[in-house]
Amino acid sequence: MPLEDGNPARWRGQRANGEVSGTPHPEGPGHGTAAPQGSGTEVTAEGREPGTPQGDKDMTPEGAGRQEEALMAELSELVQKVVKNSSWWDRHGVDISILACSFLLLPAGFLCLRSAQAIPFLVGVLTLGVVHHTLTVKGSHLASHNALTESKSWGKVWAIFFIELCSAFTAEQATYNHVKMHHGYTNVIGLGDSSTWKLPFLNRYIYMFIAPLAVPIITPLVALGLLRNVDWKTALRTLCCMFLGLCCHYWLLLHVSGFQSPWSALLCMLLTRSLLAHPYIHVNIFQHIGLPMFLADRKPKRIHLMSLGVLNLPRHALLDWSFGHSLISCHVEHHLFPSLSDNMCLKIKPIVSQYLKQKKLPYNEDTYTSRLRLFLQRYEELMVHAPPITELVGIQ
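Since this is a predicted model, take the numbers as computed values, not measurements.

(A) Structural view of the overall build of the protein. A count of helical and extended segments in the protein gives 16 helices and 4 strands. Looking at the protein as a whole, 52% of its 396 residues are labelled buried. Across the protein, every contact between residues at least 6 apart in sequence was considered, and the portion connecting residues at least 24 apart equals 74%. Surface summary for the protein: the accessible area is close to 17500 Å², and the carbon and sulfur share equals 65%.

Structure below.
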């Protein structure tokens, strides 16, 4: 697994056991997207491996950097052993099967919408809504990381299919913004700090409970704006895929589900495509915003950056199926090893959590309801105002 270069990790405002607190840092505000959470208690760590004599530790930036790289290399070796000993089914088959099952449920969902009775109709809406989010969130996320196949060529095909055809977005920009920026610079102000999820002109209740309903409309509009950043051939391909995906959905509602009015078909499209938009928005902000933030020239090395700036939510059957483990309960593991599939992230979770806790690195976990309560209480601080910058003062 590639290591990411960065400055020696010297951090502040995080409890030694990795627990996330709601008390803001005393440092002044920066610019970007989120306010880091911390206990407000300065923690200066030793920067040495367990068993290393106190007097022998290397306090130079170069020595601290080497120690952090050694930690990441050791963890990577442990994870790589699990990956090598895992079958194709574990590495890719489980997640491909989930996506295949979702495709197989599509006919049943469209046919249920033909019913004039409420219960079958609602079953159809729920089925299509879950299938849509499985393909557009789980499928697109795995495809953007090339985690569905070992082949880069097929990975490109799946990325176009899931991101452009199913999600009505542009594959190149989605991959660049998510993989290159968000993963490469997690919680780094102005680069990978999740600022695209902030709408500071909205109040907390509109943002958290009403605005997500507009995600199916906003997504293709944003994609159209991003086409300015790609060459004309890519833009033309993206437009064709987006148009084909939206038109197929609309046509199936008219000719298979039997909708008589174009407006009723469009309303059903909006309903199914926004069914899980609320948890989608919530998950994207819960797992990064409110955690320590860094400046680009003073960010920690990879293992500290990911352990400090990423949070896991508990397992949830519906969200695990629709969004994938790497976006819910294994987000820390996913950020450390982004090329692994959802099932593999779940498989290495005990190893990663045990290793980080053994090395006294943060391993952030919180419940969905706790994070929702936190964001409602501190919305102005976390989503409107500029965040404090985490001052790096020692190595944990």
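(B) Looking closely at the nonpolar core. Counting residues in hydrophobic clusters, the biggest one holds 26 residues, and the most contacted among them are Ile 303, Leu 336, Phe 337, Val 352 and Leu 356. Mapped onto this core, the elements with two or more residues apiece are helix 1 (61–84), helix 11 (302–309), helix 13 (331–336) and helix 14 (342–358). The next biggest cluster of nonpolar side chains, apart from the first, holds 18 residues, and it includes Ala 143, Leu 148, Cys 166 and Phe 169.

(C) Geometry of the UniProt feature "transmembrane region" (unreviewed entry) in the protein. According to UniProt, the "transmembrane region" (unreviewed entry) feature falls on residues 205–227, 239–259 and 279–296. Note that residues 205–227 is 78% helix and 0% strand, and that its end C-alpha atoms are spaced 32 Å apart. Measuring from the first to the last C-alpha atom of residues 239–259 gives 26 Å, for a span that is 81% helix and 0% strand.

(D) A look at the packing of aromatic side chains. Counted under the stated rule, the structure contains 11 aromatic pairs. Centre to centre, the rings of Trp 154 and Trp 158 are 6.3 Å apart; their planes meet at 35 degrees, and the pair counts as tilted. One end of the pair is Trp 154 and the other is Trp 158, both in helix 4 (residues 152–166) and 4 residues apart, which spans about a single turn. Taken together, a centroid distance of 6.2 Å and an interplanar angle of 75 degrees make the contact between Tyr 280 and Phe 323 edge-to-face. Of this pair, Tyr 280 sits in helix 10 (residues 277–286) while Phe 323 sits in the loop between helix 12 (317–322) and helix 13, placing them 43 residues apart in sequence. Of the residues examined, Tyr 280 reaches a relative accessible area of 24% and is grouped as partly exposed. Classification of Phe 323 by relative accessible area gives buried; the value is 1%. An aromatic cluster of at least three residues, connected via ring pairs, comprises Phe 103, Trp 154, Trp 158, Phe 161 and Phe 162.

(E) Examining the packing of helix 3 (residues 118–144) against helix 9 (residues 262–273) more closely. Two elements in contact, helix 3 and helix 9, have axes whose closest approach is 8 Å; the angle formed by their N-to-C orientations is 60 degrees. With respect to helix 9, the axis of helix 3 lies oblique. Packed against helix 3, whose contacting residues are Val 125, Leu 128, Gly 129, His 132 and His 133, the element helix 9 presents Leu 271, Thr 272 and Arg 273 at the interface. Split into classes, the residues belonging to the contact of helix 3 with helix 9 amount to 3 nonpolar, 4 polar and 1 charged.

(F) Summary view of the state of the cysteines. Enumeration over the complete set of coordinates arrives at 0 disulfides. The cysteine Cys 240 is free of any disulfide, with Cys 241 supplying the nearest cysteine sulfur at 6.9 Å. The thiol sulfur of Cys 330 is not disulfide-bonded, and the nearest other cysteine sulfur, from Cys 345, lies at 6.0 Å.

(G) Examining helix 9 more closely. Over its 12 residues, helix 9 extends 16 Å from the first C-alpha to the last, a length consistent with the 16 Å expected when each residue adds 1.5 Å. Regarding helix 9, the residues found buried are Ala 265, Cys 268, Met 269, Thr 272 and Arg 273. Taken down its axis, helix 9 places every buried residue within 120 degrees of arc, on the same side. Facing away from the buried side of helix 9 by over 90 degrees, the exposed positions are Trp 263 and Leu 267. Along its buried surface, helix 9 packs onto helix 3, helix 4, helix 7 (215–226) and helix 8 (232–255).

(H) Representation of helix 4 within the structure. Helix length check: helix 4 (15 residues) gives 20 Å between terminal C-alpha atoms against 21 Å at 1.5 Å per residue, within 8%. Where helix 4 is concerned, the buried positions are Gly 155, Ala 159, Ile 160, Phe 162, Ile 163, Glu 164 and Cys 166. Contacts made by the buried residues of helix 4 are with helix 2 (88–112), helix 3, helix 5 (171–183), helix 8 and helix 9. Where helix 4 starts, the residue carrying a side-chain oxygen 3.3 Å from the main-chain nitrogen of Ser 153 turns out to be Ser 151.

(I) Region of the structure containing the pattern of salt bridges. Tallied over the full model, the rule gives 12 salt bridges. Note that Arg 91 and Glu 150 form a salt bridge whose closest N and O atoms lie 3.5 Å from each other. Residue Arg 91 is found in helix 2, and its partner Glu 150 is found in the loop between helix 3 and helix 4; the two are separated by 59 residues along the sequence. Through salt bridges with shared partners, a single network forms among Lys 156, Glu 164, Glu 172 and Arg 237.

(J) Quick peek at the side chain of Glu 333. Topologically, Glu 333 is positioned in helix 13. A polar atom in the side chain of Glu 333 sits 3.3 Å from the side chain of Asn 312. A distance of 2.5 Å separates polar atoms of two side chains, one belonging to Glu 333 and the other to Tyr 363. Setting aside anything within four residues of it in sequence, one finds Glu 333 in contact with Asn 312, Cys 345, Ile 348, Lys 349, Val 352, Ser 353 and Tyr 363.

Cut-offs applied
Residues numbered from 1 in each chain as written. Predicted model: local features only at pLDDT ≥ 70, side-chain atom pairs only at ≥ 80, totals over all residues. Heavy atoms only, no water. Helix = DSSP H or I, 4+ residues; strand = E, 2+ residues; numbered from the N terminus. Buried < 20%, exposed > 50% of the residue type's maximum accessible area, 1.4 Å probe, protein only. Contact = heavy atoms within 4.5 Å. Areas by Shrake-Rupley, 256 points an atom, 1.4 Å probe, with all protein chains shown as cover. Core = buried A, V, L, I, M, F, W, Y, C linked by side-chain atoms within 4.5 Å. UniProt positions renumbered as here; feature names shortened; annotations may be inferred. Phe/Tyr/Trp six-rings, centres within 6.5 Å; stacked < 30°, edge-to-face > 60°. Axes fitted to C-alpha atoms, helices over the stretch in contact; angles between N-to-C directions. Parallel < 35°, antiparallel > 145°, perpendicular 65-115°, else oblique. Nonpolar A, V, L, I, M, F, W, Y, C, P; charged D, E, K, R; others polar. Disulfide = S-S within 2.5 Å. Expected span 1.5 Å × (residues − 1). Arc of directions from axis to C-beta. Polar contact = N/O pair within 3.5 Å; in protein donor to acceptor, adjacent residues only side chain to side chain. Salt bridge = Lys/Arg side-chain N within 4 Å of Asp/Glu carboxyl O.

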